[in-house]
Amino acid sequence: MLHIHFSTADLSRIRIAQEPDPAWEILLSLHALGGPADHVVFGPWKSETLSRLDPSARMLLALAPPLGYSPDFLTPAGAPDVRSVVDAVLSTGRRQLRADLAQFAVRRRTPSWTRLLAEGDAETLGRLGSALHRYHDRVLARRWDRIRAATEAERALRARDFLDGGAEGLLGGLGPSARWEAPVLTVDYPLDQQLRLRGRGLRLIPSYFCWRRPITLLDEELTPVLVYPANRGLHLLTGPERPGRSALARLLGQDRASVLEEIALSGGTTGEDIARRLGMSPVSAGEHTAVLRSTGLIATHRGADTARHTLTPLGLALIEGHLPIDGLPYGTGPPGAQH
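Residues numbered from 1 in each chain as written. Predicted model: local features only at pLDDT ≥ 70, side-chain atom pairs only at ≥ 80, totals over all residues. Heavy atoms only, no water.

Engineer: How would you summarise the overall build of the protein chain if you had to cite specific residues and measurements?
Structural biologist: For the protein chain, the count of helices and strands is 14 helices and ten strands. A buried classification covers 53% of the 339 residues belonging to the protein chain. Considering only intrachain contacts with a sequence separation of at least 6, the fraction spanning at least 24 residues in the protein chain is 69%. (Helix = DSSP H or I, 4+ residues; strand = E, 2+ residues; numbered from the N terminus. Buried < 20%, exposed > 50% of the residue type's maximum accessible area, 1.4 Å probe, protein only. Contact = heavy atoms within 4.5 Å.)

So this is what it looks like as structure tokens:
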């Protein structure tokens, strides 16, 4: 688990990134490329993207395995575009290069060129910078509008949480993998890690390619960030056409299919909003969301006065056609969390 410790000063210094962070989108998309080919969301995108990579991407894939630590210097703070990312990476001090790559080598065999990188070798750093540029241009640039749309939608949802419940409402609405119990935000995480903010605040970065659980930096002395999955309702990359409404209705029933689609289109909504928009009673809307939650298609995030429903990855995969209608694996998806 990741435990993020807030002071009163930290609560007043929470910020949400205004734009997609290119360094984190590069890193997390590389994680997705190294992941399973049959991934319910990224599988079709991965198949298409691997065919477009040039040999320089092998260097990036070696530094960004799908599981475990990736060097912190790959995600410099506050770089607004790929040029700034590359400049910051190439300016990384030798001390940090050595520390990050030593940590990277703890549990894996590393390529021989990482020793040169750790010493700040200019040619090796230049190859890394060129690889970052090429990867961004070939893989991310063509979809940057979709990436921006997803992160902007997520930023709007979090802004609404803040207006409704202040900083604690914002932290409490981050999703099923994060739980706020003042003064600690606890996040599902593969490591047991403590992050003490010490008055520095926290930068929240919604990410298009972040999957399942949030991620942060290992080095506690770096600028504190929490990167977390952006709104899944805008997450379609490539793949088959969406199943028609009639197909969803046959599987779920007409009203329940309409509720699922409404949650997908809104990116996150309350039961009261669903009832009003679909012309059904609040009781009926509550019954439908309860069934969708119990089958892992939606998650419910409870704030002080509201309960907001969002798609889970399984629900998104069904809506976007990544799962066959006839073979929905009920009981195998992530449980709908309640807060």
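Next, the rest of the story.
Engineer: Quick one: what's the story with the packing of helix H5 (residues 82–90) against helix H8 (residues 122–140), residue by residue and with numbers?
Structural biologist: One way to put it is that H5 packs onto H8 with a least axis distance of 10 Å and a crossing angle of 160°. It follows from the interaxial angle that H5 and H8 lie roughly antiparallel. Here the hand of the crossing between H5 and H8 comes out right-handed. In this structure, H5 contributes Val-82, Arg-83, Val-86, Val-89 and Leu-90 to the contact, and H8 contributes Leu-125, Gly-126, Leu-128, Gly-129, Leu-132, His-133 and His-136. (Axes fitted to C-alpha atoms, helices over the stretch in contact; angles between N-to-C directions. Parallel < 35°, antiparallel > 145°, perpendicular 65-115°, else oblique. Left-handed = near helix turned anticlockwise from the far one by under 90°.)

Engineer: How would you sum up the nonpolar core? Please name residues and give values.
Structural biologist: Inside soluble globular proteins, nonpolar side chains tend to come together where they are buried. Among the nonpolar cores identified, the biggest contains 90 residues, and Leu-128, Tyr-135 and Leu-185 are the most heavily contacted of them. Of the residues forming this core, the biggest block, eight residues, is contributed by helix H2 (residues 22–33). Those residues in contact with Tyr-135, other than ones at most four positions away along the chain, are Ile-26, Ser-29, Leu-30, Leu-33, Trp-45, Leu-53, Leu-60 and Leu-140. (Core = buried A, V, L, I, M, F, W, Y, C linked by side-chain atoms within 4.5 Å.)

Engineer: If you had to explain empty space enclosed by the protein to someone new, which residues and values would you point to?
Structural biologist: Here the structure, examined in full by the defined rule, presents three cavities of 30 Å³ or more. Estimated volume of the largest cavity: approximately 70 Å³. Along its surface, the largest cavity is lined by Ala-23, Ile-26, Leu-27, Leu-30, Leu-60, Leu-63, Leu-74, Val-85 and Leu-132. Those elements that provide at least two residues to the lining of the largest cavity are H2 and helix H4 (57–63). Here the residues of the lining of the largest cavity sort into nine nonpolar, no polar and no charged. The space that makes up the second largest cavity amounts to roughly 40 Å³. (1 Å grid on protein atoms, 1.4 Å probe; cavity = no way out; pocket = protein on both sides within 12 Å on 5 of 7 lines; lining within 4 Å. Points joined across faces, edges and corners; volume = space filled by probe spheres on them. Nonpolar A, V, L, I, M, F, W, Y, C, P; charged D, E, K, R; others polar.)

Engineer: An account of the pairing of strand E1 (residues 2–5) is requested, with residue identities and associated values reported.
Structural biologist: It is a general feature of regular strands that their side chains alternate between the two faces of the sheet. Where E1 lies against strand E4 (residues 184–187), four bridges are found, and the strand directions are antiparallel. Bridging from a neighbouring strand, His-3 pairs with Thr-186 of E4. (Pairing = 2+ DSSP bridges.)

Engineer: I'd love a proper account of the packing of helix H12 (residues 271–278) against helix H13 (residues 282–294), names of residues and values included.
Structural biologist: For the pair H12 and H13, the least separation of the axes is 8 Å and the interaxial angle reads 115°. Helix-helix and strand crossings are classified by hand; for H12 and H13 the assignment is right-handed. The residues of H13 that touch H12, namely those facing Gly-271, Ile-274 and Ala-275, are Pro-282, Ala-285 and Thr-289. Its residues placed into classes, the contact of H12 with H13 shows four nonpolar, two polar and no charged.

Engineer: Outline the sheet that holds strand E8 (residues 269–270), supporting the account with residue identities and numerical values.
Structural biologist: Taken in spatial order, the three strands make up an open sheet running E8-E10-E9, and their pairing is antiparallel. Two strands in the sheet have a free side with no partner beyond their single neighbour: E8 and strand E9 (298–302). Bridge count between E9 and strand E10 (residues 307–311): five bridges; the pairing is antiparallel. Across the sheet, Thr-300 pairs through a bridge with His-309, a residue of E10.

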